[in-house]
Amino acid sequence: MRAALVRRALQMIAFSAIGVLALITVFIVREGAPVLYKTGVGHFLFGGAWRPLEGEFGIWPMIVGSTVVTIGALAIGVPLALACAIVLAELAPPRARALLKPTIELLAGIPSVVYGFMGVVLLVPWIREHLGGPGPSVLAASVILGIMIMPTIIGISIDALQAVPRSYREGSRALGATEWQTIRMVVLPAARSGLVAAVILGMGRALGETMAVIMVAGNSVRVPHAITDPVRTLTANIALEMGYASGDHARALFATAIVLFVIVMALNSLASLARRRPRRRTRRPLWRRALGALSRGAR
Amino acid sequence: MSTTSPSLGRMSPPLVAPRVTQIVAKTLLWAATALTVGVLVFIVAFVLRRGLPYVTGDFLTEAPRDMGRAGGILPMIVGTLYVTAVAVAVATPLGLGTAIYLTEYTRGGFLTRVVRFGAECLAGVPSIIFGLFGFVFFVITLGMGWSVLAGGLTLAFMILPTVIRTAEEAVKSVPPQYREVAYTLGASKWQAIVKVVLPSALPGILTGIILGIGRSLSETAAVIFTAGSSLKMPVSLFDPARTMSVHFYLLAREGISMPKAYATAAVLVLAILVINATAYGLMHRFMKRFS
Amino acid sequence: MIDAPYRGAEVGERTKIEVVDLSVRYGSSVVLRGVNLRIRERSIHAIIGPAGSGKTSLLRTLNLLAIEVDGARVDGAVTLDGKHLLLGEVPLAQLRRRVGMVFASPQPLPRSIYENLVFGPRLAGVRKRVDLDALVESSLRQAQLWDEVKDRLDVSALKLSGGQQQRLCIARALALQPEVLLLDEPCSGLDPISTLKIEEALTELSERITIVLVTNNTKQAARVGDRVAFFLLGEMVEDAPADRLFTAPSDPRTNDYLSGRFG
């Protein structure tokens, strides 16, 4: 009797996460949908003019802004983060690993506003002086976001790399492959799905970051033409105007949030798909495929 | 595969010897690692060096004056603690309950997958969306206004996935035999969970909570729209509050005072380093115990 | 239960546990099939057989762990002092207190020796420090561990050696003053001296409580068992007094097993 009660209660609690997700969806959609409906989804997404006071809501510049900044962040963050993960998971001697891994994990907690602040005091002036433009720009936002997403990508990638069975490496080394050949042709392919998930989650973080981006991106509503042009992202659009918006303007910001929400959910689903599928596929075939690749590489 | 192997060498001599490739690759990888760690460490060192000189006793114990141009950050420290406490108080039972249900009461299955997927999705929701949601739901719809309560509840939702995931890992890593031992000594399922499983999983659970605290502390976008940015000292749960992150953001963005911005950042970074180090240490001890 | 230990004063052939036509299944695999067994009070009933013979499943059925934890399907009847366990005639917590269990590998909980021992009694409602202290001492003495640990009861149980840990687990079960003690290969992986100590403790205990001892060490069964049951592939082949089973087994399969032809 009491056990059944406990079970019930826990079951209800277990649905809290889903419940919160549903609640968020409902409220964001309820607030934002009217404007989407009024403006038309096509016009809202692809309209180039954002004049909230005149009731004109087109977020195309922000969609482009979020996209270029995210791509820039990935271009900077992914190679560095993957290199870091490979070194930490595969190459570093135990003592170096024992020092580096906690360091990176500690740094993962640095508030995003601090990253943004670094951008303001160091990066933006440097860009203004050496590359021209006003300073706050696509480039500045990309660099700051690229640095910010590194700890996320490193952490998940290390897990993915460490999940590759030791026997794969030993098998490859036994065939005469060098350490680097083993990493490139056996370990990385075997961990591919986890690495993809890491990159996608990093992408989600870059896309969702708000305050740091506002500080360094310049925020002008215009499709950027150069990496030194200022840019406004979807998140910045919401945060910048939420303070004073009302009526349809506020609803348009919620509609922006719907767009952002849909993109991020799609990315998350992709990441969890990427992480789930391989488990079935990896085992034998991949091991063989990896060996095949190895022998091809040797020839 | 090495160049000294005659048979393979004859088949097709590689353009560059694998050994050379390896040296180049390793050098690049290490250089990238050094750069990454260097940048991260530099940021922390920079903030601390610029900020710590301004962190005085007065700075920590006084209220700000002149919009933050002078004075200290005591109300922000209190506000941060207050909001974070609410977040942890709400997220911990929810997260722990979910973790217990997932590990002790279901055996995989559809339900588990749904719940886990929900938590994963929630983890990926950008904080600005939490902020918007908290604003319409807590501040407007439930009429809490900008308040410690609204901010804390919003943050609770935001850190819930972190708490769930770490608590689940912790509960899962308790050896199943412990539960059986408890049963054979007359414990009910619930008693086994409370008296044996949870105490053994405690360090792991605490790690999750501490990580959640860290996230609450560093969050800006979700709290600025829910807890507000009042400079006054919050007293009741329904008072508006300005957290340290929000304060720092406003100081820096509006260029109110660079020294004060650096000092606030230094306090914030230091607090988070200490918190994360604690979490990391706990986790380390926990892993050692069961391996 | 704690206050009235060792009920049923008269010694003899009284039945403590009776197993009637017991079958146990996990999903589609049958691990026990049509087992009938009578376990006499205050004796050591040894159960031998090769791996996969269903010995452990039998043991785990006697305190209903099989159903509750493993999710097994159980048919037939098991009675404890005439009460039907499978019909729920004995409340679970009470059953577990009356029928103690020790696992194959020592399973101390990660806390002090003292805390390990008082875990069960506390759940049973014993609160007073003096009572707990008394239970700790008497159960440690019965498990022949008292002299080795009496000065360091607050040390972590994980610091003890394997043999000490296993005796601690026996003491922990005894702290509930059970009527029956189930042991699942308690000496596997222990050195001969620890094994000897445990066997001595069991022999002494059997004067007061009923012991069911699963073992794959036939010599051990011969040394301590009053009766021995031989299991093979989920069936009970033979159940007889120890001396008869070892000297004149009635089933050829028993003979094969004892002479080392399989298992």
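Bear in mind that the values here come from a model prediction, so they are computed numbers and not experimental data. (Residues numbered from 1 in each chain as written. Chains lettered and ligands numbered in written order. Predicted model: local features only at pLDDT ≥ 70, side-chain atom pairs only at ≥ 80, totals over all residues. Heavy atoms only, no water.)

**Observations regarding the arrangement of the chains**
Phase 1 of the analysis: Considering every one of the two pairs of chains in contact, the largest contact total is recorded for chains A and B.
Phase 2 of the analysis: The two units chain A and chain C remain apart, with a minimum C-alpha distance of 13 Å. (Contact = heavy atoms within 4.5 Å.)

**Examining the nonpolar core**
Most often, soluble globular proteins keep nonpolar side chains buried together rather than apart.
Phase 1 of the analysis: Counting 160 residues, the largest nonpolar core has A:Ile24, A:Ile28, A:Phe44 and B:Ile129 as its most contacted members.
Phase 2 of the analysis: With 17 residues, the single largest contributor to this core is helix α7 (residues 138-162) of chain A.
Phase 3 of the analysis: Each of domain 1 (18-52) and domain 2 (55-290) of chain B gives at least three residues to this core.
Phase 4 of the analysis: Counting 63 residues, the second-largest nonpolar core is a separate cluster that includes A:Leu10, B:Leu96, C:Ala66 and C:Phe231. (Core = buried A, V, L, I, M, F, W, Y, C linked by side-chain atoms within 4.5 Å. Buried < 20%, exposed > 50% of the residue type's maximum accessible area, 1.4 Å probe, protein only. Helix = DSSP H or I, 4+ residues; strand = E, 2+ residues; numbered from the N terminus. Domains from an automatic or database assignment.)

**Here's the deal with the confidence of the model for chain B**
Phase 1 of the analysis: Within chain B, residue pLDDT values average 88, and 93% of them lie at 70 or more.
Phase 2 of the analysis: The low-confidence segment residues 1-6 of chain B, where pLDDT is below 50, has nine contacts with residues more than four positions distant or belonging to other chains. (pLDDT = per-residue confidence, 0-100.)

**Re the interface of chain B and chain A**
Phase 1 of the analysis: With 77 residues of chain B at the contact, the number on the chain A side is 81 residues.
Phase 2 of the analysis: Summed over both partners, the interface of chain B with chain A comes to about 7200 Å²; 82% of that surface belongs to carbon and sulfur atoms.
Phase 3 of the analysis: In this assembly, chain B and chain A are joined by one salt bridge.
Phase 4 of the analysis: Residues B:Lys26 and A:Glu179 are paired through a salt bridge, measuring 2.6 Å at the closest nitrogen-oxygen approach.
Phase 5 of the analysis: For the pair chain B and chain A, the number of links is seven residue pairs in polar contact (both at pLDDT 80 or more).
Phase 6 of the analysis: If one sorts the elements of the side of chain B that touches chain A by residue count, helix α2 (residues 18-51) of chain B sits on top with 21 residues. (Buried area = accessible area lost by both parts, 1.4 Å probe. Salt bridge = Lys/Arg side-chain N within 4 Å of Asp/Glu carboxyl O. Polar contact = N/O pair within 3.5 Å; in protein donor to acceptor, adjacent residues only side chain to side chain.)

**A look at the packing of helix α4 (residues 74-105) of chain B against helix α7 (residues 148-172) of chain B**
Angle between the axes and distance between the axes are the two parameters that describe a pair of packed helices.
All names here are of chain B.
Phase 1 of the analysis: It is the contact of α4 with α7, at a shortest axis distance of 6 Å, that shows an interaxial angle of 35 degrees. Considering how the two elements wind past one another, α4 and α7 form a crossing that is right-handed.
Phase 2 of the analysis: Among the residues making up the contact of α4 with α7, the classes are represented as 21 nonpolar, six polar and three charged. (Axes fitted to C-alpha atoms, helices over the stretch in contact; angles between N-to-C directions. Left-handed = near helix turned anticlockwise from the far one by under 90°. Nonpolar A, V, L, I, M, F, W, Y, C, P; charged D, E, K, R; others polar.)

**Some thoughts on the pairing of strand β1 (residues 15-26) of chain C**
Residue and element names in this part refer to chain C.
Phase 1 of the analysis: Both β1 and strand β2 (residues 29-40) contribute to a ladder of eight bridges, which runs antiparallel. Residue pairing across strands places Ile17 opposite Ile39, the latter belonging to β2.
Phase 2 of the analysis: Connecting β1 to the next strand, β2, in antiparallel fashion are two residues, including Gly27 with a positive phi near 60 degrees.
Phase 3 of the analysis: Pairing of β1 with strand β4 (residues 73-80) involves seven bridges; the strand directions are antiparallel. What sits directly across from Ile17, in β4, is Leu80. (Pairing = 2+ DSSP bridges.)

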